[in-house]
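# Overview (structure and organization)
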Amino acid sequence: MAQTVWKGHLTFGLVSVPIRLYAAARSETVSFNQLHKSCGSRVKQKLFCPTCEKTVERSELVKGAEVEGGRFVLVEESDLQAIAPESGTSMEVLEFVKLDEVDPVYFDTSYYMVAENKAGEKPYFLLQKSLHEMQYAAIAKLSKANKEHIVIVRPSGAGLMLHTLYYQDEVRQVADYGQNEGVSLSDKELELGKLFVSSLAGPFDPSKYHDSYRENLTSLIAAKAQGQTIAASAPTAPPPAMDLMAALKASLERTQQASPVVDASVTAQAQ
């Protein structure tokens, strides 16, 4: 059952909506333990001080931040508490923005936003419907667990979703990203590119996609637990080198063979 991760009020103007947040998604993975190869026992990591040349306990540790010259500044828990934002119970809308202007690269963690009680349902759905019809989203500030977040609230289905956002200085920049100087595409190449997109176009259905590696890893562990072995599959060969037009035409032909329902006009236009 989903657990509440934050409870409080979403406010816009003089309107206050009592809400709860629930984690919307989490990564699933198969975890491993580090074992001693000779006996199969789990190993324990020890903390070692190279200056004192001895193992230290966690109770002896303090936080330190590295500064110029390889020096460290000690930071006490009381220092952190003095500057930490209070974990408030109010989340105020700062502004409304066009949803399609927000690059998904800024999205971090997702949460379901739910009205806390009957009294909150009307303003909750008023906001949801207004944002949906205007294609806007709300930007707000949320303080939780001694950390300050900028968040975006957007309509999703019949409800509202909240996403924490990365700050601008947390989004990495790549100097040569998007540089297309000297690249020239012919009309025919662009036409074939669009035809290939059309040949694989369809509604988004996340249930079609599965983590095959995690499934194979789970099967591998179950088999080894019973003393069985699983043969490794042959690696996928890289596609042969060919020019762009030939590669696009070959891609279209392979797609049409795999999906015979592709419109015949696609084949005709590719000739």
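The structure this text deals with has already been given above.
Below, the structure is looked at part by part. Since the model is a prediction, treat every value here as computed from it, not as a measurement.

### Topic: a nonpolar patch on the surface
- The grouping of Val183, Leu185 and Leu244 at the surface amounts to a nonpolar patch, some 300 Å² of accessible area in total.
- Within the secondary structure layout, leucine 185 lies in the loop between strand S11 (159-165) and helix H3 (187-199).
- Accessibility expressed as a relative area gives 55% for leucine 185, which makes it exposed.

### Observations concerning unusual backbone geometry
- Phi at glutamate 53 is positive, roughly 55°, even though this residue is not glycine.
- The topology assignment puts glutamate 53 in the loop between strand S3 (47-49) and strand S4 (54-56).
- Positive phi is not limited to glycine here, since glutamine 135 has a value of about 60°.
- Structurally, the position occupied by glutamine 135 is in the loop between helix H2 (118-134) and strand S9 (136-144).

### Some words on helix H5 (residues 244-258)
- Here H5 is 15 residues long and its end C-alpha atoms lie 21 Å apart, about the 21 Å a rise of 1.5 Å per residue gives.
- Listed in full, the buried residues belonging to H5 are Leu248, Leu252, Thr255 and Gln256. Seen from one end, H5 has its buried residues packed into an arc of 100°, which puts them on one side. Exposed and oriented more than 90 degrees from the buried face of H5 are Arg254, Gln257 and Ala258.

What counts, and at which threshold
- Residues numbered from 1 in each chain as written.
- Predicted model: local features only at pLDDT ≥ 70, side-chain atom pairs only at ≥ 80, totals over all residues.
- Heavy atoms only, no water.
- Patch = residues over 30% accessible without salt bridge, like charges linked within 9 Å, V, L, I, M, F, W, Y side chains within 5 Å.
- Areas by Shrake-Rupley, 256 points an atom, 1.4 Å probe, with all protein chains shown as cover.
- Salt bridge = Lys/Arg side-chain N within 4 Å of Asp/Glu carboxyl O.
- Helix = DSSP H or I, 4+ residues; strand = E, 2+ residues; numbered from the N terminus.
- Buried < 20%, exposed > 50% of the residue type's maximum accessible area, 1.4 Å probe, protein only.
- Expected span 1.5 Å × (residues − 1).
- Arc of directions from axis to C-beta.

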